[in-house]
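Spelled out from the first residue to the last, the chains are:
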Amino acid sequence: MSLVCKAACISYGRVAMEYAKNRTLKEDYDPEKNAYAKDTGILIADEFDRKGLKGVTADECWHEMQQWKRRTGHDDIKLDCFWLTIAPSEDIIDKLDEGELETSAGTIGWKELYDDFLREMGMANAMRLGIMHDRTERNDKRKHIHIAVSRIDLNGNVIENHNIAAKAKKVAEKLSKKYGLETAEEIGKEKKDIIKNIARDVLSRLPEYSFEEYKEALAKRGINIETYADKKGNVKGYRMFLGEEGFKYKISDVDRSLTFGRIEATYKRLHEQYIRSNSPEEKLKQAGIRRAAIRKSQDGNYYIRVSTKDNPGSRNWSKEVKLTDNERIGYVKGKMSLKAIAANHFTKAISQSGSRGANREWEINLSNWDDFDDEMSQKRKNGISM
């Protein structure tokens, strides 16, 4: 449950209002051109609110704002329009639609949120046109509101535009605290931590370093990468974001060890750690397994059991587990060690409650992993029946 608010002071208010009022759904996104190839013509915009305006079209509304600017003697102001956005998180949109979002400040809907934002921004007493978009191209649940606000209020005063983007962010934080929602800063930290953890995990698992394979593997985990270049077209860095249209974080803000200049060295370190931590020896060590035994049944199947005891009695063994066909073939041919098979089946705490069959049915109890594997390998080479 969070809230994002944005603001800019612009000179192209008419174009912004035209965009907001006549927004249609686009399709067929081209990532290389960062644009959509097809316009469906489906309108996704609906007027939410207006103040001081009578015009029907965006052009008529803009003309009224310009007339007011001239009448109040501010014709010299070029950045004469504020462009605002209110974008709550998807999980609270339905409640806002119903006017039933329970907050620490009471029950609110879109109108209360809208009015609070304009009041805190100091723009409640100015001409405005608010348009709600009921979705985005990539998310049909992400409703949001765009507002074009005249910089000249209805008293003829010029509204300050200094650091207006930062002000909108602070207002969003203030309203989030008022409503008991997570702040953008808190959400940002959570998302960056998620991205960092997934990115490091994905990188560590690559068989060899390749930025393209890294990018593809991340996409499968729900994280996208967008590279950016300098004026000469040389790739300078990259940004990462969750999902299709999440906020884009520079990788240096997420984890500096994953920047272009450091990522290969980071890969080597993480990959070595991954190999070590996922080796059969490490898995069995973590599970506390000290002994293992294997047997071949009369029907030709193989079974394995393990124990956490150095000198296990008959009731200190796990229940036996049947080897898969691949494990059985690999074991018999000497291509798969007992360690690997044990690690496949026993990497969590085991229940030592005895096992089916007398101890004499089992070929060997493991006192030393390497000696055991060597002994079994030698038996297979010598053609000794097991």
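Reading the values: rules and limits
Residues numbered from 1 in each chain as written. Predicted model: local features only at pLDDT ≥ 70, side-chain atom pairs only at ≥ 80, totals over all residues. Heavy atoms only, no water. Helix = DSSP H or I, 4+ residues; strand = E, 2+ residues; numbered from the N terminus. Contact = heavy atoms within 4.5 Å. Areas by Shrake-Rupley, 256 points an atom, 1.4 Å probe, with all protein chains shown as cover. Polar contact = N/O pair within 3.5 Å; in protein donor to acceptor, adjacent residues only side chain to side chain. Expected span 1.5 Å × (residues − 1). Buried < 20%, exposed > 50% of the residue type's maximum accessible area, 1.4 Å probe, protein only. Pairing = 2+ DSSP bridges. Patch = residues over 30% accessible without salt bridge, like charges linked within 9 Å, V, L, I, M, F, W, Y side chains within 5 Å. Salt bridge = Lys/Arg side-chain N within 4 Å of Asp/Glu carboxyl O. Lys, Arg positive; Asp, Glu negative; His and termini not counted. Charge placed at Lys NZ, Arg CZ, Asp CG, Glu CD. Axes fitted to C-alpha atoms, helices over the stretch in contact; angles between N-to-C directions.

Draft legend 1. Inspection of the overall build of the protein chain at higher detail. Along the backbone of the protein chain there are 13 helices and 15 strands. The contacts in the protein chain between residues at least 6 apart in sequence include a share of 62% that link residues at least 24 apart. Entry remark: accessible area of the protein chain is about 21600 Å², with carbon and sulfur atoms responsible for 45%.

Draft legend 2. The environment of His133, seen in detail. Checked against the element boundaries, His133 lands in strand 8 (residues 126-133). When the C-alpha positions of His133 and Lys21 are compared, they lie 8.9 Å apart, and in sequence the two are 112 residues distant. What His133 contacts, discounting residues up to four positions off in sequence, is Tyr19, Ala20, Arg23, Ile44, Ala45, Arg142, Lys143, His144 and His146. Polar contacts involving the side chain of His133 include one to the main-chain carbonyl oxygen of Ala20, which spans 2.9 Å.

Draft legend 3. Representation of helix 6 (residues 184-205). Its 22 residues place the ends of helix 6 32 Å apart at the C-alpha level, agreeing with the 32 Å of an ideal helix rising 1.5 Å per residue. Within helix 6, the full set of buried residues consists of Ile187, Gly188, Ile195, Ile198, Ala199, Val202, Leu203 and Ser204. Where the residues of helix 6 are buried, they touch helix 7 (211-220), strand 10 (223-229), strand 11 (235-242), strand 12 (249-250), helix 8 (251-254) and helix 9 (263-277).

Draft legend 4. Broad picture of the side chain of Ser204. Tracing the backbone through its elements, the reader meets Ser204 in helix 6. Residue classification places Ser204 among the buried positions, given a relative accessible area of 7%. For Ser204, the side chain forms a polar contact with the main-chain oxygen of Asp201, separated by 2.7 Å. Setting aside residues no more than four positions away along its own chain, Ser204 makes contact with Leu270, His271 and Tyr274.

Draft legend 5. The pairing of strand 8, seen in detail. Most of strand 8 sits inside the fold, with eight of its eight residues counted as buried. Pairing between strand 4 (residues 45-51) and strand 8: six bridges, direction antiparallel. Residue pairing in the sheet places Glu47 in a bridge with Ile131 of strand 8. Of the pairings in the sheet, the one linking strand 8 to strand 9 (residues 144-153) comprises seven bridges and is antiparallel in character. Looking at strand 9, one finds that Arg128 is bridged to Val149.

Draft legend 6. Here's a closer look at a negative patch on the surface. Together, Glu90, Asp91, Asp94, Glu98, Glu100, Glu102 and Asp140 line one region of the surface with negative charge. For the negative patch, the element with the highest residue contribution is helix 3 (residues 90-98), accounting for four residues. Topologically, Asp94 is positioned in helix 3. On the basis of relative accessible area, Asp94 is assigned to the exposed category, the value being 54%.

Draft legend 7. Representation of the sheet that holds strand 14 (residues 302-307) within the structure. A sheet is described by the order of its strands in space; here three strands give the open sequence 13-14-15, paired in antiparallel fashion. Since the sheet does not close on itself, it has two edges, and those belong to strand 13 (291-296) and strand 15 (321-322), each with one partner. Across two bridges, strand 14 lies against strand 15 in antiparallel orientation. Its bridge partner lying in strand 15, Tyr303 is registered against Lys322. Against the sheet, helix 12 (residues 338-345) engages strand 13, strand 14 and strand 15, with an angle of about 75° to strand 14.

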